[in-house]
Amino acid sequence: MVRIRVLVVDDHRIFAESLAAALAAEPDVDVSAAGSGPAALRCLDRAAAEGRKFDVLLVDADLGGRGQPAALRSGHLTAGAAYGSGAPTGAGRGPVAAVSGPVPVQDTGEDGLVDGISLVAGVRTGQPTVRTVVLAEKDDPRRAALALQAGASGWVAKDCSLSRLLTVIRGVLRDETHLPPALLTGVLRELTAARKHRTESERLVESLTPREREVLRCMVAGLGRKAVAERLFLSPHTVRTHMQNVLGKLGVHSTLAAVALARRAGVGPVDLAGDVVERGGQLA
């Protein structure tokens, strides 16, 4: 029997443990659980290093939301309401393992938070063979579209039945994409609008000179004026002029807005670790 390795990622301990226990009762499913984005990434890396990669990642759409503004989080359902499992709630903090009984959730003691959609994008880049399914408390076409763009293969309501969730898990392993029917129209509308915005953003970025695009990539990487000047071998005054030109040509009034537009256009950050920047001018 081919077994499916599933990692549940949810910072609501009762929900994560109950869902993991319910899935572990299936004869062809091995399941583990993690209580945060960083913990999930460690689990994925460790499993890959040991030659037992996960097949499917079930990610809470509101992961890390307790550390975010309240507007970004709507709260959690109790696990029993969704899956009716009687798994104990007092599991320890030891290593995550695929087991047939109650599954402990691995916590993280670090302050860094990784939200659900960012985790999906990171997994898509680092381990593209892993399929991800986002678990959400309510249908949200905009966030569902963002999840799909990040690389998710499905969006499932937390109050769906266990049989429905298992259907989605097995479906995404066949390269299917699963969305609730009620979301389809809204998601298509969001994806169409996003494509239109991307096209416009790409046109604006193309209006920049090569040097201005370099400066924009530095801005995307979060570098300040002084750091950009040192990296590009320019004076801070020259960098300031380039940044003003970038904002003007992109039609925005702040660095944050310029970075958001650049991201929509597919502009990535400079490689702070390995890029070698050619000297493109004299110190002003």
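To be clear, the structure that these remarks concern was listed above.
So, here is what we can say about the structure in this document. (Residues numbered from 1 in each chain as written. Predicted model: local features only at pLDDT ≥ 70, side-chain atom pairs only at ≥ 80, totals over all residues. Heavy atoms only, no water.)

1. Comments concerning the environment of Gly116
Inference 1: Within the secondary structure, Gly116 sits in helix H4 (residues 116-126).
Inference 2: According to the relative accessible area criterion, Gly116 is buried, its value standing at 2%.
Inference 3: If we ignore the near neighbours within four places in the chain, the residues touching Gly116 are Val59, Asp60, Ala61 and Leu63. (Helix = DSSP H or I, 4+ residues; strand = E, 2+ residues; numbered from the N terminus. Buried < 20%, exposed > 50% of the residue type's maximum accessible area, 1.4 Å probe, protein only. Contact = heavy atoms within 4.5 Å.)

2. Some points on the sheet that holds strand S4 (residues 131-136)
Inference 1: Read across the sheet, 5 strands follow the order S2-S1-S3-S4-S5 without closing on themselves; strand pairing throughout is parallel. The open sheet is flanked by strand S2 (29-34) and strand S5 (154-157), the only strands paired with a single partner. Direction aside, the axes of adjacent strands within the sheet are offset by 25° on average.
Inference 2: Pairing analysis gives 6 bridges linking strand S1 (residues 4-9) to S2, with the strands arranged parallel. Residue Val6 lies in a different strand from S2, and its bridge partner there is Val31.
Inference 3: Sheet strands in contact with helix H2 (residues 37-49) are S1, S2 and strand S3 (56-60), and its direction is about 160° off that of S1. (Pairing = 2+ DSSP bridges. Axes fitted to C-alpha atoms, helices over the stretch in contact; angles between N-to-C directions.)

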